[in-house]
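# Observations on chain architecture
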Amino acid sequence: MSEAALKQDLLHAYHILDADGQASGIAGHLTARLPGADRFWSHRWGIGFDEVRAEGLIEADFDLRTIRGEGQVNPTLHIHTRIYRARPDVACIIHTHGKAGVALGCAGMTLETITQTGAVFHDDIALFDEFHGIVLDTNEGDAIAAALGGKRGLLLKNHGALVVGANVAEACIGMTVLEWAADVQLRAAAAGPLQHLDPAAAAQSKRFLLDAKNLGLRWDFLKRKIGRSRPFLGDAT
């Protein structure tokens, strides 16, 4: 993928997540790693997801120093840099404070496999059962990376949710699914005992949902949909 295409996908992801209700003021962050480099693209610290524009994206290194662009990136991005160091398979990381994801973490719960859509995270999500304040150093970033391990998602107790992916599309779709599935789980738990998917059926659903072609179709749809309401994002057909 070219650098321009990577930045365009990242830009769409910010606005898709904003429309999904996962923006939280100037908190939350997305990064896309440059292939084969200890650098990433992200947005300028101090603006919200809905305010991100292509010309405002910043290239930074793993010490959070700006390489290209104006301003500084979010000072808590060692959550991302330490995961990138531990996971060479990861090319995009998303961290949000969506209400349902936060609520599950505050309850000390992880996501259960109770829906077909949520099966994306079957045996693929963990809980970071600690909270030491704002993540401002690499030690806390290392602890979060260790809790994530080789999994796709992580709920951070009293904090929010995190999803990683091999590309921006995979991570962004994963975060929208996580927030939706967390909301369903909270509603289901309030109604009665949770009914889990059979593990074999969950695994089959996960394979289908994560198939590259199916992910691509879903990503194209999400970009078309957000583009209709935010035409400044450009043609996503």
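So, a few notes on the structure that sits alongside this text. (Residues numbered from 1 in each chain as written. Predicted model: local features only at pLDDT ≥ 70, side-chain atom pairs only at ≥ 80, totals over all residues. Heavy atoms only, no water.)

In this section: the pattern of salt bridges. The final tally for this structure, using the stated rule, is 16 salt bridges. We note a salt bridge from arginine 68 to glutamate 59, for which the minimum N-O separation is 2.5 Å. If you follow the salt bridges from partner to partner, you end up with Glu3, Arg39, Glu59 and Arg68 in one network. (Salt bridge = Lys/Arg side-chain N within 4 Å of Asp/Glu carboxyl O.)

Judged by pairing direction, the sheet is mixed, and its 8 strands sit side by side in the order E4-E3-E2-E1-E5-E8-E7-E6 without closing on themselves. Of all the strands in the sheet, just strand E4 (66–68) and strand E6 (125–128) have a single pairing partner and so form its edges. Between one strand axis and the next, the sheet turns through 25 degrees on average, direction left out of account. As defined by bridge partners, strand E5 (residues 92–96) adjoins strand E8 (residues 160–165) across 5 bridges and the pair is classed as antiparallel. In the sheet register, cysteine 92 faces E8, and the bridge partner there is glycine 165. (Pairing = 2+ DSSP bridges. Helix = DSSP H or I, 4+ residues; strand = E, 2+ residues; numbered from the N terminus. Axes fitted to C-alpha atoms, helices over the stretch in contact; angles between N-to-C directions.)

What follows deals with the side chain of histidine 29. For histidine 29, the position within the fold is in strand E1 (residues 29–33). Within the structure, the side chain of histidine 29 is placed 2.7 Å from the side chain of histidine 80, a separation counted as a polar contact. When neighbours within four sequence positions are excluded, histidine 29 is seen to be in contact with His43, Phe49, Asn74, Thr76, Leu77, Ile79, His80, Ile93, Ile94 and His95. (Polar contact = N/O pair within 3.5 Å; in protein donor to acceptor, adjacent residues only side chain to side chain. Contact = heavy atoms within 4.5 Å.)

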